[in-house]
Amino acid sequence: MAHGAFDTILVLDFGSQYTHLITRRLRELNVFSEMLPCTQKLSELKFKPKGIILSGGPYSVYEEGSPHVDPAVFDLNGMQELAYRIDSKNVIAGTHREYGHAILKARSVGGHGIEDSMRVWMSHGDKLAALPEGFHTVATSDNSEYAAIGHETKAIYGLQFHPEVTHTQNGTALLKNFAVGICGCKQEWTMQKFLEEAIAQIRHKVGEKGQVLAAVSGGVDSTVAAALMKEAIGSRFWAVLVNNGVMRLNECEQVHKDLSEALGINLTVIDASKDFLDGLKGIDDPEKKRKFIGGKFIDIFEAEAEKIEAAAANDPTKAGKIGFFMQQSLSFKGPSATIKTHHNVGGLPARMTNGQGLQLIEPLRSLYKDEVRAGIAVRILGEVTEEKVEIARKADHIFIGEIRKAGLYNQISQAYAAVDPSRAVGVMGDKRVYGYIIVLRAVTTTDFMTAEAFNFPWDFLQRVMNRIVNEVHGVCRVVYDITSKPPGTIELE
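Since we're looking at a predicted model, the values are computed, not measured. (Residues numbered from 1 in each chain as written. Predicted model: local features only at pLDDT ≥ 70, side-chain atom pairs only at ≥ 80, totals over all residues. Heavy atoms only, no water.)

> Can you lay out the packing of aromatic side chains for me, pointing to particular residues and giving the numbers?
Two aromatic rings, taken as a pair, are described by how far apart their centres are and by the angle between their planes. Under the definition given, this model contains six aromatic pairs. Aromatic pair phenylalanine 276 and phenylalanine 292: ring centres 6.3 Å apart, planes at 80°, arrangement edge-to-face. Within this pair, whereas phenylalanine 276 is found in helix H8 (residues 273–280), its partner phenylalanine 292 is found in helix H9 (residues 286–313), the two being separated by 16 residues in sequence. Seen in terms of ring centroids, phenylalanine 456 and tyrosine 480 are 5.4 Å apart; in terms of plane orientation they differ by 65°. Their pairing is edge-to-face. Highlighted residues: phenylalanine 456 in the loop between strand S16 (452–453) and helix H12 (458–471) and tyrosine 480 in strand S17 (residues 475–480), separated in sequence by 24 residues. The pair formed by phenylalanine 456 and tyrosine 480 is uniform in burial state, with each residue classed as buried. A connected cluster of aromatic rings, assembled from ring pairs, spans Phe399, Phe454, Phe456, Phe460 and Tyr480. In this structure, arginine 404 is placed above the aromatic ring of tyrosine 409, and the distance from its NZ or CZ to the ring centre is 3.8 Å. Looking at arginine 423, its charged tip hangs above the ring of tyrosine 436, at a distance of 4.0 Å from the centre. (Phe/Tyr/Trp six-rings, centres within 6.5 Å; stacked < 30°, edge-to-face > 60°. Helix = DSSP H or I, 4+ residues; strand = E, 2+ residues; numbered from the N terminus. Buried < 20%, exposed > 50% of the residue type's maximum accessible area, 1.4 Å probe, protein only. Lys NZ or Arg CZ within 6 Å of the ring centre and 35° of its normal.)

> Can you explain the pattern of salt bridges? Please cite residues and give values.
Under the defined criterion, the tally for this structure stands at 13 salt bridges. For lysine 274, the salt bridge is made with aspartate 278, and the minimal N-O distance between the two is 2.7 Å. Here aspartate 278 and lysine 274 lie together in helix H8, a separation of four residues that amounts to about one turn. Residue class for aspartate 278 comes out partly exposed when judged on its relative accessible area of 32%. One salt bridge connects arginine 463 with glutamate 402, and the closest N-O pair in it is separated by 3.2 Å. Within this pair, whereas arginine 463 is found in helix H12, its partner glutamate 402 is found in helix H11 (residues 386–405), the two being separated by 61 residues in sequence. A relative accessible area of 36% places arginine 463 in the partly exposed class. (Salt bridge = Lys/Arg side-chain N within 4 Å of Asp/Glu carboxyl O.)

> Could you give an account of the nonpolar core, with specific residues and numbers?
One finds Phe399, Ile403, Ile438, Leu440, Phe456 and Ile468 to be the most contacted residues of the largest nonpolar core, which totals 50 residues. The leading source of residues in this core is H11, at eight residues. Leaving out residues up to four positions away in the same chain, isoleucine 468 has contacts with Ala395, Ile398, Ile438, Leu440, Val475 and Val478. Formed by 25 residues, the second largest nonpolar core is a distinct cluster that contains Ala198, Val212, Phe237 and Met247. (Core = buried A, V, L, I, M, F, W, Y, C linked by side-chain atoms within 4.5 Å. Contact = heavy atoms within 4.5 Å.)

> How would you sum up the packing of H11 against H12? Please name residues and give values.
For any two helices packed against each other, the geometry comes down to the angle between their axes and how far apart the axes lie. The geometry of H11 relative to H12 is characterised by a closest axis approach of 10 Å and an angle of 150° between their N-to-C directions. It follows from the interaxial angle that H11 and H12 lie roughly antiparallel. The hand of the H11/H12 crossing is right-handed. In this structure, H11 uses Ala395, Ile398, Phe399, Glu402 and Ile403 to contact H12, whose residues at the interface are Phe460, Arg463, Val464, Arg467, Ile468 and Glu471. When grouped by side-chain class, the residues that make up the contact of H11 with H12 number seven nonpolar, no polar and four charged. (Axes fitted to C-alpha atoms, helices over the stretch in contact; angles between N-to-C directions. Parallel < 35°, antiparallel > 145°, perpendicular 65-115°, else oblique. Left-handed = near helix turned anticlockwise from the far one by under 90°. Nonpolar A, V, L, I, M, F, W, Y, C, P; charged D, E, K, R; others polar.)

> Explain the packing of helix H5 (residues 191–206) against helix H6 (residues 220–233) to me, and be specific about the residues and the numbers.
Where H5 meets H6, the axes come as close as 9 Å, and the angle between the chain directions of the two elements is 60°. As judged from the angle between their axes, H5 and H6 are oblique. Our pair here, H5 against H6, has a crossing hand that is right-handed. The segment H5 lies against H6, with Leu195, Ala198, Ile199, Ile202, Arg203 and Val206 engaging Leu228, Met229, Glu231, Ala232 and Ile233. Among the residues making up the contact of H5 with H6, the classes are represented as nine nonpolar, no polar and two charged.

> Requested: an account of the side chain of threonine 168, with residues and values cited.
By secondary structure assignment, the location of threonine 168 is in the loop between strand S8 (157–159) and helix H4 (171–182). Setting aside residues no more than four positions away along its own chain, threonine 168 makes contact with Met118, Arg119, Val120, Trp121, Phe161, His162 and Pro163.

> Give me the lowdown on the sheet that holds strand S2 (residues 32–37), citing residues and values where you can.
Pairing is parallel in the open sheet, where three strands are placed in the order S2-S1-S3. Each of the sheet's edge strands pairs with one partner strand only, and the pair in question is S2 and strand S3 (51–54). Strand-to-strand, the axes of this sheet are offset by a mean angle of 25°, without reference to chain direction. Alignment of strand S1 (residues 8–13) against S2, held across six bridges, turns out to be parallel. Bridge pairing links valine 11 to methionine 35 in S2. Strands in contact with helix H2 (residues 19–28) are S1, S2 and S3; relative to S2, the strand with the most contacts, it is inclined by about 160°. (Pairing = 2+ DSSP bridges.)

> So, the confidence of the model for the protein: which residues are in play, and what are the values?
Here the protein averages 79 in pLDDT, and 78% of its residues register 70 or above. Averaged pLDDT values for the elements of the protein fall to 50 in helix H3 (residues 79–86) and rise to 96 in H12. Low pLDDT (under 50) marks residues 326–346, which in the prediction has 70 contacts with non-local residues, meaning those over four places away or in another chain. For residues 369–373, every residue scores under 50 in pLDDT, and the model assigns this stretch 22 contacts once sequence neighbours within four places are set aside. (pLDDT = per-residue confidence, 0-100.)

> Could you give me a rundown of H11, with the residues and numbers involved?
Here H11 contains 20 residues, and its C-alpha end-to-end distance of 28 Å stays within 8% of the 28 Å for a straight helix at 1.5 Å per residue. For H11, the complete set of buried residues consists of Lys388, Val389, Ile391, Ala392, Arg393, Ala395, Asp396, Ile398, Phe399, Ile400, Glu402 and Ile403. Where H11 is buried, its residues contact H8, strand S14 (414–428), strand S15 (431–444), H12 and S17. Trailing H11 by a residue or two, glycine 407 shows a phi angle of about 75°, which is positive. (Expected span 1.5 Å × (residues − 1).)

So, in structure tokens, the structure goes:
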């Protein structure tokens, strides 16, 4: 394991939507970091971390049933959990919530990495009512008299803000000061070393004849994982692409070209579009859409697994037990609030692990971005129908095509066109019509936890609008969503 070879910062997850970023920022500094649930017992760890970071979370520490950390952590470090452990009266509900940018003013400079005055990102409703015994104030904000605190004699610190998000000025430098300057971590972890270790672990777990079956979507995550598996075990790796009927225009063909033709991966494409679209009829709740798609996907995948395993059993050069691998969101290790269930389709059902005896392999589990994609289904607000899928596909194809043509594709992190089920009045050919509204969304981000709308030239948006209204039947209006994340999300559902 990586923490056996590298100095490690342990991040304990209390459910913050930004917890992944703490780990990511540290790895960008070449410091290995691992995220585990906040309930992790230190005595059960197989390694000794150089430092510990407690994430924030959606729960108030004084609420009944809220998660709390192993007390042993404080023998070694968010802010409110630390103060609450010392005295439960230290944390109260704030008179004013503090979400967004705030100016942090240093009270104690030196050794912390906090500047005299810096712009930071806040996201909290509770705050400290009193300074915990043995601590001093490091920094304040207009709404938090104890926005950063430090212990008088121990290397224990508490922050009310989020240094891990890009909105916080010099936040990465602050994390570096903690991990390298205070905890003494060596900056030796690299992605290349991760890949070498991952390939070795795959080969060890699968063995010389084991088979691995994987679901792929064509996204960055599954493509990287598939390439890694192919490198590790070659033709004993099998990939399955399920066409769920809500993929982008020509997406299945492109995935086949990328994986099968370019990478030489054993790829099976299953057209289950009718099953998915029939099952989505009447479902307008976004979470129910995702759960249906995830469940149906597992059903189809399970049937294909049986076929491939049976075929492999008759091949003496490949016979061996098939292991199923699926990328899963790390946030589900802890009590993270459910932002969107597409970050995890629930893992393997018991009937697969017990009945088919499939093992779980996750080559990218310690990385971050992953999903079994719900595709266009979550870009159609409300009920999914074949008509709306076709509208979304065509509008999206025009939007992405124009982005590429304008040379803007590599400047944008994610872009798509969505269908609003509301009907708006329009005038076409001297007739009043009621048509769907297309919502265009394009964002820039470094981490997908925070994002800003891309600033398109006005003539570009006019050109896209004209093409969509003229070329996509059933649409009479196009709007561009400029909402940042937060408060919005990148997807509409």
